[in-house]
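# An overview of the molecular structure
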Amino acid sequence: MLNFTLRRLNLLFFTLLMLSIISFSLSYLFPGNELVNLTGQVNADEQQLAHLTEVYQMDKSIFHQYFAYVGQIFEGNFGISMSSQTPISVELATFLPATIELCLAALFIALLLGVPLGFLAAIFHNKVVDKVILTFAMIGYSIPVFWLALILILVFSITLSWFPSSGQLNLLFEIPHVTGFKFIDIILSESPYTWQALKDAFMHIIMPAFAVAMAPMTIFIRLARTSMLDVLESNYIKAAKAKGLSQTSIIYHHGIRNSLVGIVRQIGLNFANLVTIAMIAEVIFDWQGAGSWLIQSIFERDYTAIQGGLIALATFTFFINILTDFLYAALNPLERHKKHGS
């Protein structure tokens, strides 16, 4: 387990190193002054520029500049937004929790629907149910998220009036910003309308979460189907059948549990897709998250925000991958004791 942990930490260090190099290089690739691109200080006077030049060591070699930039990042200083003149760390703390909340809801939907459908397809392998589920998975994976989001709004919001079309919460509920996670903020607000606000927030998140969840859900369908088929063809399942165990008992006690181990590792890999898809869905559903904030920064040519958003989202996604790797190793002892050449 120690070797597994050290490998993951080395990978984490190398990835963060590459991210910092890419982010630092963007300040020279973007048009304009490199110091302004790093700090976002578009209206700085000569005295402030001199101080920033000293802090970021712009009068020294490129290596000194890079290490100075990394030092500022470790101190939580990502610069300030060129458009709003607000610290990037403050904007990330404001918008990133909403994206995490949306991605977690989408991941829950993708797992809740995708894994059982995949198991069902494997149980009825090469039958009508299997073909219908695979067809649904293929169509769902092919649908662009922006088209699906617009269809959901047209059908369930405009035509049927079941769900709100945009936002995170009705403006009638005045919930103060504490953590940025809307459901947690509602609970912490101690409002007399807590349950009504929670219900309203739940209704707001359903459509954007489903739109984000569609592509990962179809991936989980195919992963669960393949994993279950591999398990059902294994020797210990054949031995269980030879002992006279029923198909239902084999699937429930052996098939599902062992199939889930292979799916856990893919959760982290698909979480990166969730973040990417969520950026598009946030714009369409007016979801005030890091994705819509980052896209708006691109439109406004807010280079400091682009750099800070790149590091924050990529680092968060990578930590999710590391977490799922640890979870996979905890569930699968063979992964912890894997030897070269075995």
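Residues numbered from 1 in each chain as written. Predicted model: local features only at pLDDT ≥ 70, side-chain atom pairs only at ≥ 80, totals over all residues. Heavy atoms only, no water.

Per an unreviewed UniProt entry, the protein carries the name ABC transporter permease subunit and comes from Thalassotalea nanhaiensis. UniProt, in the comment section headed Sequence similarities (unreviewed entry), describes the protein in these words: "Belongs to the binding-protein-dependent transport system permease family. OppBC subfamily." (UniProt positions renumbered as here; feature names shortened; annotations may be inferred.)

Quick look at the UniProt feature "transmembrane region" (unreviewed entry) in the protein now. Residues annotated in UniProt with the feature "transmembrane region" (unreviewed entry) correspond here to residues 12–30, 104–124, 136–163, 201–221, 267–285 and 305–331. What you have in residues 201–221 is 100% helix and 0% strand, and the ends, taken at the C-alpha atoms, are 28 Å apart. (Helix = DSSP H or I, 4+ residues; strand = E, 2+ residues; numbered from the N terminus.)

For the rest of this paragraph, the subject is the confidence of the model for the protein. Caution applies to low-pLDDT parts of the model: their predicted coordinates are not meant to be read in detail. On average, residues of the protein score 81 in pLDDT, and 87% of them are at 70 or above. Element-level pLDDT for the protein is lowest in helix α14 (residues 333–336), with a mean of 57, against a maximum mean of 91 in helix α7 (residues 145–159). (pLDDT = per-residue confidence, 0-100.)

The next subject is the packing of aromatic side chains. Applying the stated criterion across every chain, the model contains eight aromatic pairs. Relative to Tyr28, the ring of Phe24 lies with its centre 5.5 Å away and its plane at 65°, an arrangement referred to as edge-to-face. Linking Phe24 with Tyr28, this pair stays in helix α1 (residues 2–29), spanning four residues, or about one helical turn. Taking the centre distance of 5.7 Å and the plane angle of 75° together, the rings of Phe24 and Tyr66 count as edge-to-face. Residue Phe24 is found in helix α1, and its partner Tyr66 is found in helix α4 (residues 62–74); the two are separated by 42 residues along the sequence. (Phe/Tyr/Trp six-rings, centres within 6.5 Å; stacked < 30°, edge-to-face > 60°.)

Relative orientation of the contacting elements helix α5 (residues 88–123) and helix α12 (residues 290–299) amounts to 130°, with a least axis distance of 7 Å. Taken together, the axis directions place α5 and α12 in an arrangement best described as oblique. Contacts between α5 and α12 involve Ile88, Glu91, Leu92, Phe95, Leu96 and Thr99 from the former and Ala290, Gly291 and Trp293 from the latter. (Axes fitted to C-alpha atoms, helices over the stretch in contact; angles between N-to-C directions. Parallel < 35°, antiparallel > 145°, perpendicular 65-115°, else oblique. Contact = heavy atoms within 4.5 Å.)

Moving on, we get to the side chain of Gln307. Positionally, Gln307 belongs in helix α13 (residues 303–331). If we ignore the near neighbours within four places in the chain, the residues touching Gln307 are Ser23, Phe24, Leu26, Ser27, Phe30, Asn37, Leu38 and Tyr69.

As a further point, take the nonpolar core. Counting 68 residues, the largest nonpolar core has Val212 and Phe271 as the members making the most contacts within it. For this core, the elements supplying multiple residues, two or more each, are α2 (34–39), α4, α5, α7, α9 (194–232), α11 (247–284), α12 and α13. Non-local contacts of Phe271, meaning those with residues more than four positions away in its chain, are made with Cys103, Leu104, Leu107, Phe316 and Ile320. Judged by nonpolar contacts, the second largest core, of seven residues, contains Leu169, Ile175, Ile186 and Ala201. (Core = buried A, V, L, I, M, F, W, Y, C linked by side-chain atoms within 4.5 Å. Buried < 20%, exposed > 50% of the residue type's maximum accessible area, 1.4 Å probe, protein only.)

Turning next to α12. Three or four residues apart is the spacing at which side chains of an α-helix point the same way, because the helix has 3.6 residues per turn. Here α12 has its buried residues at Ala290, Gly291, Ser292, Trp293, Leu294 and Ser297. Taken from the residues just after α12, Arg301 is the one with a positive phi, measuring 55°.

To continue, consider the packing of α7 against α9. At their nearest, the axes of α7 and α9 sit 9 Å apart, and the two run at 145° to each other. Crossing of α7 over α9 shows right-handed handedness. On the side of α7, the interface is formed by Val145, Leu148, Ala149, Leu152, Ile153, Phe156 and Ser157, while α9 contributes Met207, Phe210, Ala211 and Met214. Broken down by class, the residue content of the contact of α7 with α9 amounts to ten nonpolar, one polar and no charged. (Left-handed = near helix turned anticlockwise from the far one by under 90°. Nonpolar A, V, L, I, M, F, W, Y, C, P; charged D, E, K, R; others polar.)

What follows covers the pattern of salt bridges. Applying the stated criterion across every chain yields a total of one salt bridge. A salt bridge links Asp130 to Arg225; the nearest nitrogen and oxygen atoms lie 2.8 Å apart. Of this pair, Asp130 sits in helix α6 (residues 128–142) while Arg225 sits in helix α9, and the two are 95 residues apart along the sequence. (Salt bridge = Lys/Arg side-chain N within 4 Å of Asp/Glu carboxyl O.)

Right, let's talk about unusual backbone geometry for a bit. For Asp286, which is not glycine, the phi torsion reads 50° and is therefore positive. Of note, Arg301 is a non-glycine position whose phi angle comes to about 55°, a positive value. Within the secondary structure, Arg301 sits in the loop between α12 and α13. By relative accessible area, which is 58% here, Arg301 ends up exposed.

Attention now goes to the environment of Leu327. Looking at the element boundaries, Leu327 is found in helix α13. A residue is classified by how much of its surface remains accessible, and Leu327, at 44% relative accessible area, is partly exposed. Here the alpha-carbon distance between Leu327 and Val264, two residues 63 residues apart in the chain, equals 7.5 Å.

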